[in-house]
Protein chains: 2
Amino acid sequence: MAKTRRERVRAETTIEIKEVALQQMAQQGAASLSLRSIAREMGMSAPALYRYFPDRDALVTALIVDAYNSLADSLEAANDGQDVGNYNGRFRAVAQAYRNWALAHPAEYALIYGTPIPGYIAPRDETVMPAARTNLVIGFILNEAAQAGKLTIPDAYFHASPDLQAVLDELAAMIPEEDVLSAGVLLTIYIFSRLHGLVWGELDEHFAPKIADSGELFEIEISEICDRLKL
Amino acid sequence: MAKTRRERVRAETTIEIKEVALQQMAQQGAASLSLRSIAREMGMSAPALYRYFPDRDALVTALIVDAYNSLADSLEAANDGQDVGNYNGRFRAVAQAYRNWALAHPAEYALIYGTPIPGYIAPRDETVMPAARTNLVIGFILNEAAQAGKLTIPDAYFHASPDLQAVLDELAAMIPEEDVLSAGVLLTIYIFSRLHGLVWGELDEHFAPKIADSGELFEIEISEICDRLKL
DNA sequence: AATAAAAAGTTTACACTGTTAACTAATTAA
DNA sequence: TTAATTAGTTAACAGTGTAAACTTTTTATT
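Thresholds, definitions, all that
- Residues numbered from 1 in each chain as written.
- Chains lettered and ligands numbered in written order.
- Predicted model: local features only at pLDDT ≥ 70, side-chain atom pairs only at ≥ 80, totals over all residues.
- Heavy atoms only, no water.
- Near = heavy atom within 4 Å.
- Polar contact = N/O pair within 3.5 Å; in protein donor to acceptor, adjacent residues only side chain to side chain.
- Helix = DSSP H or I, 4+ residues; strand = E, 2+ residues; numbered from the N terminus.
- Nonpolar A, V, L, I, M, F, W, Y, C, P; charged D, E, K, R; others polar.
- Patch = residues over 30% accessible without salt bridge, like charges linked within 9 Å, V, L, I, M, F, W, Y side chains within 5 Å.
- Areas by Shrake-Rupley, 256 points an atom, 1.4 Å probe, with all protein chains shown as cover.
- Salt bridge = Lys/Arg side-chain N within 4 Å of Asp/Glu carboxyl O.
- Lys, Arg positive; Asp, Glu negative; His and termini not counted.
- Charge placed at Lys NZ, Arg CZ, Asp CG, Glu CD.
- Contact = heavy atoms within 4.5 Å.
- Buried area = accessible area lost by both parts, 1.4 Å probe.
- Least-squares fit on C-alpha atoms with pLDDT ≥ 70 in both.
- 1 Å grid on protein atoms, 1.4 Å probe; cavity = no way out; pocket = protein on both sides within 12 Å on 5 of 7 lines; lining within 4 Å.
- Points joined across faces, edges and corners; volume = space filled by probe spheres on them.
- Buried < 20%, exposed > 50% of the residue type's maximum accessible area, 1.4 Å probe, protein only.
- pLDDT = per-residue confidence, 0-100.
- Expected span 1.5 Å × (residues − 1).
- Arc of directions from axis to C-beta.

**Structural notes on the protein's contact with DNA strand D**
DNA strand D sits among 21 residues. The nearest are Ser-45, Arg-51 and Tyr-52 of chain A together with Leu-35 and Arg-36 of chain B. Counting only atoms of DNA strand D within 4 Å of the protein, the fraction found in sugar and phosphate groups is 54%. Between Arg-6 of chain B and DNA strand D, the recorded distance is 3.3 Å, taken from a side-chain N or O atom to a base oxygen. In the model, a phosphate oxygen of DNA strand D is placed 3.1 Å from a nitrogen or oxygen of the Ser-34 of chain B side chain. Mapped onto the surface near DNA strand D, the elements with two or more residues apiece are α1 (5–28) of chain A together with α1 (5–28) and α2 (35–42) of chain B. For the surface near DNA strand D, the element with the highest residue contribution is α2 of chain B, accounting for three residues. When its residues are assigned to classes, the surface near DNA strand D shows nine nonpolar, two polar and ten charged.

**A short note on a negative patch on the surface**
Residue and element names in this part refer to chain B. A grouping of Glu-12, Glu-16, Glu-19 and Glu-41 is seen on the molecular surface, where their side chains present a negatively charged patch. Top contributing element to the negative patch by residue count: α1, with three residues. Tracing the sequence through the fold places Glu-41 in helix α2.

**A short note on the interface of chain B and chain A**
Taken together, the contact pairs 44 residues of chain B with 45 residues of chain A. In total, chain B and chain A occlude about 4000 Å² of area from one another, counting both sides; carbon and sulfur atoms represent 58% of this. On the surface where chain B and chain A come into contact, there are two salt bridges. Across the chain B-chain A interface, the total number found is 18 residue pairs in polar contact (both at pLDDT 80 or more). Of the residues contributing to the side of chain B that touches chain A, the split by class is 23 nonpolar, ten polar and eleven charged.

**Looking at the protein's contact with DNA strand C**
Contacts to DNA strand C come from 20 residues, most closely from Leu-35, Arg-36 and Arg-40 of chain A together with Arg-51 and Tyr-52 of chain B. Backbone atoms, meaning sugar and phosphate, form 57% of the atoms of DNA strand C found within 4 Å of the protein. In this structure, Ser-34 of chain A approaches DNA strand C through a side-chain N or O atom, which is 3.2 Å from a phosphate oxygen. One of the side-chain N or O atoms of Ser-45 of chain B is found 2.8 Å from a phosphate oxygen in DNA strand C. Mapped by element, the contributors of at least two residues to the surface near DNA strand C are α1 and α2 (35–42) of chain A together with α1 of chain B. With three residues, α2 of chain A is the single largest residue contributor to the surface near DNA strand C.

**Describing the relation of the copies chain B and chain A**
Each copy superposes on the other: chain B lies on chain A with an RMSD of 0.0 Å after a rotation of 180 degrees and an axial shift of 0.0 Å. Taken together, the rotation and translation relating the two chain copies correspond to the operation of a two-fold axis. Within chain B, the C-alpha atom positioned nearest to the axis of rotation is that of Gly-197 of chain B, 2.0 Å from it. Interface overlap between copies is the fraction of interface residues in one copy that are interface residues in the other; for chain B against chain A it reaches 100%, indicating a shared surface.

**A word on empty space enclosed by the protein**
Going through the model one piece at a time under the given rule, you end up with one cavity of 30 Å³ or more. Of the pockets and cavities examined, the largest cavity occupies roughly 40 Å³. For the largest cavity, the full set of lining residues is Pro-154, Tyr-157, Leu-187, Ile-191, Arg-194, Ile-225, Arg-228 and Leu-229 of chain A together with Arg-194 and Glu-224 of chain B. Across the lining of the largest cavity, the residue classes break down as six nonpolar, no polar and four charged.

**Some thoughts on the pattern of salt bridges**
Side chains carrying opposite charge are able to pair once their charged atoms draw close together. The final tally for this structure, using the stated rule, is 16 salt bridges over all chains. Here Arg-133 of chain A and Asp-73 of chain A are joined by a salt bridge, their closest N and O atoms 2.7 Å apart. Taken together, the residues Arg-133 of chain A in helix α6 (residues 124–147) and Asp-73 of chain A in helix α3 (residues 56–80) connect sequence positions 60 residues apart. Of the residues examined, Arg-133 of chain A reaches a relative accessible area of 23% and is grouped as partly exposed. Note on Asp-73 of chain A: relative accessible area 43%, which makes it partly exposed. Of the charged contacts, one joins Lys-18 of chain B and Asp-66 of chain B as a salt bridge, the two residues approaching to 2.9 Å between their closest N and O atoms. Taken together, the residues Lys-18 of chain B in helix α1 and Asp-66 of chain B in helix α3 (residues 56–80) connect sequence positions 48 residues apart. Each of Asp-73, Glu-76 and Arg-133 of chain A takes part in salt bridges that share partners, so that together they form one network.

**Regarding the confidence of the model for chain A**
Per-residue pLDDT for chain A averages 94, and the proportion of residues at 70 or more is 99%. Both confidence scores are given for the complex: pTM 0.95, ipTM 0.94.

**Notes on the environment of Ile-191 of chain B**
All names here are of chain B. Following the sequence through the fold, Ile-191 ends up in helix α8 (residues 182–203). In this structure Ile-191 comes out as buried when scored by relative accessible area, which is 3%. Taking the C-alpha atoms as reference points, Ile-191 and Leu-142, separated by 49 residues in sequence, lie 9.5 Å from one another. Among all residues touching Ile-191, those that are not within four sequence positions of it are Phe-91, Ile-138, Leu-142, Ile-225 and Leu-229.

**Structural notes on helix α7 (residues 162–173) of chain A**
Because the α-helix completes a turn every 3.6 residues, residues three or four places apart line up on one side. The end-to-end C-alpha separation of α7 of chain A is 16 Å, in line with the 16 Å expected for twelve residues at 1.5 Å each. Along α7 of chain A, the residues classified as buried are Leu-164, Val-167, Leu-168 and Ala-172 of chain A. Each buried residue of α7 of chain A sits inside an arc of 140 degrees when the element is viewed along its axis, so together they form one side. Of the exposed residues in α7 of chain A, those oriented more than 90 degrees away from the buried face are Pro-162, Asp-163 and Ala-173 of chain A. Elements in contact with the buried residues of α7 of chain A: α8 (182–203) of chain A together with α9 (216–229) of chain B.

Right, dumping it as structure tokens:
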């Protein structure tokens, strides 16, 4: 049975709230998110928003989930645009897509990886799933390349203690799609953290001015990663 | 001539404001910084704080400058605790000190590298200097090791375009203490960004639960960095 | 020592925030 | 057509940063 008219209009309003929120965040920074301001722009009273989100944090969580999915979509699209066997191409494309998405959606990126909303703490059980999607894109590439002998995992990543090894194995076991090496899990964590450090530094302007503008800073490090992994 | 009584008490009050601010941030998160709350705890009215800081942002900037200096002090102390010629030991010690400081001062770390204060944007001219101190500690180690032939800069870092090369040379020229390789500047940026990505991921809990708790995750990546650099 | 000047601190007020309670208007279901 | 559900309203509370006007305390000068 089709959705009732009421359900439809409710879903539309929910989407509009999020759209206005994103738009305002894009204009005035992620921190400027304000229920009253959203309501004002939508021509309704602020408390009315509480029919759609129990409180501000719930709206933030919804925005974060959307952002994660949007990022994951971008990464997956970049991955799918390359030949499956071209691991180097897939990795480079996904890495670039990661940076591009962050530059195109700085407010959402800050929402995901920063802490721009005072007092907000992300409820892990809601955000883990969509967050994992992004990690998996890179994880699969690296793991598949490793399995195909087209990537060399650095020696240090095989020297985890039994304790850490157990945690890694547990994580690897959670992925049914492939046979995942626990050293590959470690590698994925490190690579992702590395990409994140670069992009965050660029967005938050840790680096000297102009140095990251061109994207060459990012590209060189990607090349170094590929060199190191013989990818 | 000695400072007048008034100047002394003023300096003390200024320090107390910052101390209370840090203490509250440590307890309730960096975002909870509130002038009124600080004033309340100090037993004075909120507008009185404006005699010491022109506005909230100025207080935040002062806290950031202090935090940068505190971090730099820790890194320098770690560096000085090692033999000058022991580049590997110096690098490892400084890297560990970096992580330790971040774990011991999470609110200040978030203040420096995150964006926890709504609407606040750091005035570069005030923060660049103390921020540079931290970068220089690692930069010197890497550069000295490279000059001594005890470190191999990855090939990719020598392939910057003329434009980027110019920016790097400019940066290198700003450091009169040593003969700085432009590829070394690049290396320093990358290494720092990498450390930051790791620590931020640990603090902000990007990784799976428990995975970073022991510090082994960090140590393994430090080892891999040393391996890669033949350090 | 008395007085003028400067600094520090106070209260009051404004505009903003998220959120709750009580109430009304609109839509859907019986 | 009536009853129930949902969506939206206004009013209010507690909190925020900050400006203006005023008072108290400390220092400097006559």
